[in-house]
Amino acid sequence: MADHDVDLFVIGAGSGGVRAARIASNYGARVMIAEEFRVGGTCVIRGCVPKKLLVYAARFSHEFEDAAGYGWTVPEPTFHWPTLIANKDREIARLEAAYTATLERFNVKLLKDRAVIEDAHTIRLSTGVRVRAETILVATGGWPHPGPKIPGLEHVISSNEAFHLPELPKRIVIQGGGYIAVEFACIFAGLGSEVTLVYRGENILRGFDDDVREHLRSEMRGRGITITCGHTVTAIDKAGDELVTRLSDDSTITADKVMFAIGRHPNVTGLGLEQVGVKLAEHGGIAVDEYSRTSVPNIYAVGDVTHRVNLTPVAIREGHAFADTVYGGKPTPVDHTHVPTAVFSEPELGVIGLTEAQAREQLAKVDVYKSSFRPMKATLAGRDTRCFMKLLVDGITDRVVGCHIVGPDAGELIQLVGVAVRMGATKADFDATMAVHPTAAEELVTMREKAISYGRSAAE
Ligand SMILES: Cc1cc2nc3c(=O)[nH]c(=O)nc-3n(C[C@H](O)[C@H](O)[C@H](O)COP(=O)(O)OP(=O)(O)OC[C@H]3O[C@@H](n4cnc5c(N)ncnc54)[C@H](O)[C@@H]3O)c2cc1C
């Protein structure tokens, strides 16, 4: 050990890196962490947290509208984007300081610098300083895909810039159909922008349950968002202050901003991975085993850079498990099944487990329970909206293998449904649970009629 400056060098102070550094240090390791931008990483600085603050802001518009039916007279509300952005930035700075203080408290040495791997035990900083480490953890996260090289690509913003626009765009075109595109479409629409979502596939949110995708699409349309599927953006022309977006069918849309949210790539470029022999997986992320170990035995990788399940809690869990495994004497593989997830669209979406299509493919017998209903709050508000809930049940074991919710607080609900599903709750357990009345969630324990039942015959 004497020939190493530190036991562990972590590259990237985001969700995964900070957790790994803190826990490893707590086990007694000497730890350094390098961060080239801001401590906290994507989630805190330009991901989950600032996004959720914008989501809250956007939802007030519906609250003001709905209040009238409940007897309130709300003066014509006005919205000031610079106030929201300044307040959001203040909160992000507070969180960044809290993350930095945590690292200090746990005796992790923070280097505000870019770090690359020179050899299996040497890290080089952009200042030229070299650090020798027994173990290296790569936690460099991901980056928005810039998009294909089309004319006018230089006018396109990503989610990174969307958080810092000087003013709210009156009209915005968003290309993409994943959760980030959908969430930003709902944020901008809620704040008053005219939004067109352009997606090359058949329907938004590929990979989610088909009923959920259809339900959310129709709800988004109901809130004034134009969704154009089956097309791509082929060019963007700047005409004065306006951007004219050309689509693959040759139609054009004039807007003030064009944003692409067409996927994220693992941050692997220029890190020195190839020369040291760290292999990449086919999807472009760093290939790792169940303990997050790469093809080089003393180099590990966690979080989005491994492109497994790109979510903050997963990066945190992987970072923690790495530290438990390497420094805590507790080999801890991470279970990537049963990951509950939310899309903070309007209305919100909460999901755990299999989609109907996956359940049909994987199980011999599947029972499907569905419910679509008007939430009580919408009645007096006069809002035309519906909640949607769906349970997928293994027809042989009676276990609930999938739960899909579209409606208010779906993210909050799915966190708890996630516990039950992970514990192996059966449909009979759901049915035996007393309802909480009057709530939307009670629907989850009162769905009795099978919407459909699939079964494979023994011959299949
Ligand atoms: C708009 C948006 C919304 C999101 N919303 C959600 C959500 O609601 N819920 C959820 O669970 N997830 C969400 N995510 C995903 C989530 O942010 C990521 O999964 C999570 O941040 C991954 O953590 P990480 O530690 O792998 O990487 P990151 O948090 O990205 O951290 C990597 C860090 O490494 C630094 N770095 C990179 N290269 C170097 C280098 N060579 N030297 C030094 N430092 C380096 C980067 O600057 C960065 O700070 C969202 C992401 C985006 C973009």
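Small disclaimer: the values here were computed from a predicted structure and weren't measured. (Residues numbered from 1 in each chain as written. Predicted model: local features only at pLDDT ≥ 70, side-chain atom pairs only at ≥ 80, totals over all residues. Heavy atoms only, no water.)

Another aspect to go through is the site of the ligand. In the vicinity of the ligand lie 36 residues, with Gly-16, Glu-35, Thr-42, Lys-51 and Asp-304 positioned nearest. Contact between the ligand and Ala-115: a nitrogen atom at 2.9 Å from a main-chain N or O atom of the residue. Leu-311 is positioned with one of its backbone polar atoms (N or O) 3.3 Å from an oxygen atom of the ligand. When the ligand is considered free in solution it has 1,000 Å² of accessible area, and contact with the protein chains removes 95% of it. (Near = heavy atom within 4 Å. Polar contact = N/O pair within 3.5 Å; in protein donor to acceptor, adjacent residues only side chain to side chain. Areas by Shrake-Rupley, 256 points an atom, 1.4 Å probe, with all protein chains shown as cover.)

Further remarks concern the environment of Val-173. Within the secondary structure layout, Val-173 lies in strand S9 (residues 171-175). Taking relative accessible area as the criterion, Val-173 reaches 1% and is therefore assigned buried. For the pair formed by Val-173 and Thr-254, sequence separation is 81 residues and the distance between their alpha carbons is 8.4 Å. In this view, Val-173 contacts Thr-196, Val-198, Thr-245, Ile-253, Ala-255, Lys-257, Val-258 and Met-259; residues no more than four positions away in its chain are not counted. (Helix = DSSP H or I, 4+ residues; strand = E, 2+ residues; numbered from the N terminus. Buried < 20%, exposed > 50% of the residue type's maximum accessible area, 1.4 Å probe, protein only. Contact = heavy atoms within 4.5 Å.)

Our focus in this paragraph is the sheet that holds S9. Spatially, S8-S15-S9-S10-S11 is the arrangement adopted by the 5 strands of the open sheet, whose pairing is parallel. Each of the sheet's edge strands pairs with one partner strand only, and the pair in question is strand S8 (156-157) and strand S11 (226-229). Across 4 bridges, strand S10 (residues 194-199) lies against S11 in parallel orientation. When the sheet's bridge partners are listed, Thr-196 is paired in S11 with Thr-226. Of the strands in this sheet, S9, S10 and strand S15 (257-260) are in contact with helix H6 (residues 179-191), which crosses S10 at around 165°. (Pairing = 2+ DSSP bridges. Axes fitted to C-alpha atoms, helices over the stretch in contact; angles between N-to-C directions.)

Before going further, it helps to examine the layout of surface pockets. Estimates place the volume of the second largest pocket at around 800 Å³. Mapped by element, the contributors of at least two residues to the lining of the second largest pocket are helix H3 (48-67), helix H11 (376-381) and helix H12 (410-422). Here the lining of the second largest pocket gets 6 residues from one element, more than from any other, and that element is H3. The class makeup of the residues in the lining of the second largest pocket is 12 nonpolar, 5 polar and 15 charged. (1 Å grid on protein atoms, 1.4 Å probe; cavity = no way out; pocket = protein on both sides within 12 Å on 5 of 7 lines; lining within 4 Å. Points joined across faces, edges and corners; volume = space filled by probe spheres on them. Nonpolar A, V, L, I, M, F, W, Y, C, P; charged D, E, K, R; others polar.)

In terms of nonpolar packing, the biggest core is built from 42 residues, with Ile-174, Phe-184, Phe-188, Leu-197, Met-220, Met-259 and Leu-349 touching the most fellow members. No other element matches H6, which puts 8 residues into this core. In this structure, Ile-117, Leu-271, Val-278 and Val-305 belong to the second largest nonpolar core, which totals 24 residues. (Core = buried A, V, L, I, M, F, W, Y, C linked by side-chain atoms within 4.5 Å.)

Because each turn of an α-helix spans 3.6 residues, side chains separated by three or four positions in sequence point in the same direction. The terminal C-alpha atoms of helix H7 (residues 210-222), which comprises 13 residues, lie 18 Å apart, in line with the 18 Å expected from a rise of 1.5 Å per residue. The N-terminus of H7 is capped by Asp-209, whose side-chain oxygen sits 3.0 Å from the backbone nitrogen of Asp-211. Downstream of H7 by a residue or two, Gly-224 has a phi angle that is positive, lying close to 90°. (Expected span 1.5 Å × (residues − 1).)

Turning to the packing of aromatic side chains, a few remarks are in order. The full count for this structure, using the stated rule, is 6 aromatic pairs. Relative to Tyr-327, the ring of Phe-322 has its centre 6.1 Å away and its plane inclined at 80°; by these criteria the two rings are edge-to-face. For Tyr-327, a relative accessible area of 18% puts it in the buried group. Its guanidinium or amino end placed over the ring of Phe-106, Arg-22 lies 5.2 Å from that ring's centre, counting from NZ or CZ. Lying over the aromatic face of Tyr-369, Lys-427 brings its terminal NZ or CZ to 4.2 Å of the ring centre. (Phe/Tyr/Trp six-rings, centres within 6.5 Å; stacked < 30°, edge-to-face > 60°. Lys NZ or Arg CZ within 6 Å of the ring centre and 35° of its normal.)

It is the contact of H3 with helix H4 (residues 81-105), at a shortest axis distance of 10 Å, that shows an interaxial angle of 145°. The two elements H3 and H4 cross, and the hand of that crossing is right-handed. Touching Val-49, Pro-50, Leu-53, Leu-54 and Ala-57 of H3 are Trp-81, Leu-84, Lys-88, Glu-91, Ile-92 and Leu-95, all from H4. (Left-handed = near helix turned anticlockwise from the far one by under 90°.)

This brings us to the environment of Thr-337. Secondary-structure assignment places Thr-337 in the loop between helix H9 (312-327) and strand S18 (341-343). Counting along the chain gives 15 residues from Thr-337 to Ile-352, while the straight-line C-alpha distance between them is 9.3 Å.

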